[in-house]
Amino acid sequence: MAATRFELAGKRVFVAGHRGMVGSALVRRLVRENVALMTVPRSEVDLRDQAAVFAWFARAKPQVVFLAAAKVGGIVANNTLRAEFIYDNLAIATNVIHAAHVNGVEKLMFLGSSCIYPKLAAQPLREDAMLTGALEPTNEPYAIAKIAGIKMVEAYRSQYGADFINVMPTNLYGPGDNYHPEYSHVVAALIRRFHEAKRSDAAEVVVWGTGTPRREFLYVDDMADACLHLMKTFSAPELVNIGTGEDITIADFARVAAAAVGYRGRISFDPSRPDGTPRKLLDVSRLAALGWRATTPLEEGIRLAYQAFLRETGQG
Ligand SMILES: NC(=O)C1=CN([C@@H]2O[C@H](COP(=O)(O)OP(=O)(O)OC[C@H]3O[C@@H](n4cnc5c(N)ncnc54)[C@H](OP(=O)(O)O)[C@@H]3O)[C@@H](O)[C@H]2O)C=CC1
Ligand SMILES: C[C@H]1O[C@H](OP(=O)(O)OP(=O)(O)OC[C@H]2O[C@@H](n3cnc4c(=O)[nH]c(N)nc43)[C@H](O)[C@@H]2O)[C@@H](O)[C@@H](O)C1=O
């Protein structure tokens, strides 16, 4: 895949979803670049509102867009709020991608997710595995909306020659995560649960599912760095996975998180809770060939994430 060079410097760069975990990491990373950063609060422009999005793009005229706004959550949020996950994510993708085209945006990056790959696809997950099999049922509405966004990017590239690209992040964690006890992802959920257990001297912490699923975790500042790298150097219709290329069982991950938090009690598993996809490990060879690798080891990332949790919940 040939490398290209896209100049970010001097551009008006819009981060959609700038208050979120990824969006805020993109903002932290972009301040080191010579760009005019653009953000807009959801109270001013709800990205599900087509008229509001079109009016804002026509007025603000961003040149570059990172589309990091979405309805996001862990396995239970995805499985419970199924209508919101499909409606919000379809609406956000169609409104922002079309508005970017109509207003002559020079380059747009759409953030998909590793959950767009079939539940039982061969591991590690290659980019060409998309649409080769049935999806994991717990997050099918979200994955379908993400696949629609990916296909829009491909269609606008092929029909209009738009320089829009698709990246597929693995499971992310770090500052700005959502610590909701039911609706968060596993990393934030376990940091909070182990922390509360440590504070209350609880003898046991219950982890959902069997502990056997395998997941790959990427620190969100690495994710932001990869996004900037690809924005500057990648332009093609193919997807690019963003991950570390290493995975871990949930049981082993729980031990890593407990150690980072300093919880020393028992860890048990509740198999009545959903496991989700048995394994989600990305093939990152395309990303490596494009010149990027993750640099934050899991133990270090979880330590930083715990510090961020303490800060963000007023305990640090
Ligand atoms: N977290 C993860 O593990 C993974 C995330 N991704 C993708 O990365 C992207 C960012 O995710 P992440 O940062 O974790 O999610 P967050 O929930 O932390 O952030 C989502 C952001 O989107 C904004 N947003 C949501 N709905 C609307 C709306 N209707 N109008 C305007 N803004 C809206 C939120 O605004 P507000 O703050 O006002 O609520 C928030 O800023 C998403 O596309 C997600 O699918 C992909 C793979 C894994
Ligand atoms: C990023 C990704 O996120 C979601 O998919 P997921 O990978 O299943 O993410 P998760 O973080 O919620 O769970 C990972 C694993 O961890 C186990 N687990 C243990 N204990 C807790 C726990 O306490 N909370 C949660 N949430 N999970 C737990 C859980 O049972 C599962 O086996 C999708 O919505 C999908 O759409 C998506 O994009």
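Residues numbered from 1 in each chain as written. Chains lettered and ligands numbered in written order. Predicted model: local features only at pLDDT ≥ 70, side-chain atom pairs only at ≥ 80, totals over all residues.

Let us now look at the pairing of strand β1 (residues 12-16). For β1, the buried fraction is high: four of the five residues fall into the buried class. Two elements, β1 and strand β3 (residues 64-67), share four bridges in a ladder whose sense is parallel. Its bridge partner lying in β3, Val13 is registered against Val64. (Buried ≥ 20, exposed ≤ 12 C-beta atoms within 10 Å, placed from the backbone. Helix = DSSP H or I, 4+ residues; strand = E, 2+ residues; numbered from the N terminus. Pairing = 2+ DSSP bridges.)

The sites that carry the UniProt feature "binding site: substrate" (unreviewed entry) are, in the present numbering, Arg193, Trp208, Arg215 and Asp275. On the neighbour-count criterion, Trp208 (23 C-beta atoms within 10 Å) is buried. Those residues within four positions of Trp208 in sequence are excluded, and the remaining contacts are Asp270 and Arg273. On the basis of neighbour counts, which here come to 17 C-beta atoms within 10 Å, the residue Asp275 falls in the partly exposed class. Setting aside chain neighbours within four positions, we find Asp275 in contact with Gly209, Thr210 and Pro213. (UniProt positions renumbered as here; feature names shortened; annotations may be inferred. Contact = placed C-beta atoms within 7 Å.)

Further remarks concern the sheet that holds strand β11 (residues 248-249). With respect to topology, three strands assemble into an open sheet ordered β11-β8-β13, the strand pairing being mixed. Single-partner strands in this sheet number two, and they are β11 and β13 (279-280).

Moving on to the confidence of the model for the chain. Residues with a pLDDT of 70 or more make up 99% of the chain, whose mean pLDDT is 98. For this predicted complex, the interface confidence reaches an ipTM of 0.99, while the overall pTM sits at 0.98. (pLDDT = per-residue confidence, 0-100.)

A rise of 1.5 Å per residue sets the reference length of helix α10 (residues 298-312), with its 15 residues, at 21 Å; its end C-alpha atoms lie 20 Å apart and thus fit the reference within 8%. If you check which residues of α10 are buried, you get Leu298, Gly301, Ile302, Ala305, Tyr306, Ala308 and Phe309. Looking straight down α10, one finds that the buried residues subtend no more than 160° of arc, so they occupy a single side. Across from the buried face of α10, at angles greater than 90 degrees, the exposed residues are Glu299, Glu300 and Arg311. As for α10, its buried residues are in contact with β6 (171-173), α6 (186-200), β9 (217-219) and α8 (250-261). One or two steps after α10, the chain reaches Gly314, where phi turns positive at roughly 70°. (Expected span 1.5 Å × (residues − 1). Arc of directions from axis to C-beta.)

Further remarks concern the site of ligand 1. Residues in contact with ligand 1 amount to 24 residues; listed here are only the nearest, Gly17, Arg19, Gly20, Val22 and Ala70. The set of elements that each furnish at least two residues to the shell around ligand 1 consists of α1 (21-30), α4 (82-102) and β6. Residue composition of the shell around ligand 1, grouped by class: 11 nonpolar, seven polar and six charged. (Near = placed C-beta within 6 Å. Nonpolar A, V, L, I, M, F, W, Y, C, P; charged D, E, K, R; others polar.)

Around ligand 2, a shell composed of 24 residues is seen, among which Gly74, Ala189, Trp208, Gly209 and Gly276 lie nearest. Broken down by element, the residue count for the shell around ligand 2 peaks at three residues, all from α6. Residues that form the shell around ligand 2 fall into these classes: 11 nonpolar, nine polar and four charged.

This brings us to the nonpolar core. Leu67, Val96 and Cys227 are the most contacted members of the largest nonpolar core, which totals 98 residues. Apart from residues no more than four positions distant in its own chain, Leu67 is found in contact with Ala16, Val96, Leu108, Met109, Phe110 and Leu111. (Core = buried A, V, L, I, M, F, W, Y, C linked by C-beta atoms within 7 Å.)

One open sheet accounts for six strands, arranged β2-β1-β3-β4-β5-β10; its pairing is parallel. The sheet terminates laterally at β2 (36-38) and β10 (240-242), the two strands that pair on one side only. Averaged over all adjacent pairs, the angle separating strand axes in this sheet is 20°, with direction ignored. Bridge count for β3 against strand β4 (residues 107-111) is four bridges, and the pairing is parallel. (Axes fitted to C-alpha atoms, helices over the stretch in contact; angles between N-to-C directions.)

It is worth spelling out the pairing of strand β12 (residues 266-270) at this point. For β12, the buried fraction is low: zero of the five residues fall into the buried class. As paired strands, strand β7 (residues 204-208) and β12 are joined by five bridges and run parallel to one another. Within β12, the position partnered with Glu204 by the bridge is Arg266.

Taking 1.5 Å per residue as the helical rise, α8 with its 12 residues ought to reach 16 Å, and the 16 Å between its terminal C-alpha atoms agrees with that figure. Those residues of α8 that sit buried are Ile250, Phe253, Ala254, Ala257, Ala258, Ala260 and Val261. Relative to the axis of α8, the buried residues are bounded by an arc of 160° and lie together on one face. Against the buried residues of α8 lie α6, β7, β8 (214-215), β11, β12 and α10. Just past α8, the residue Gly262 takes up positive phi, approximately 90°.

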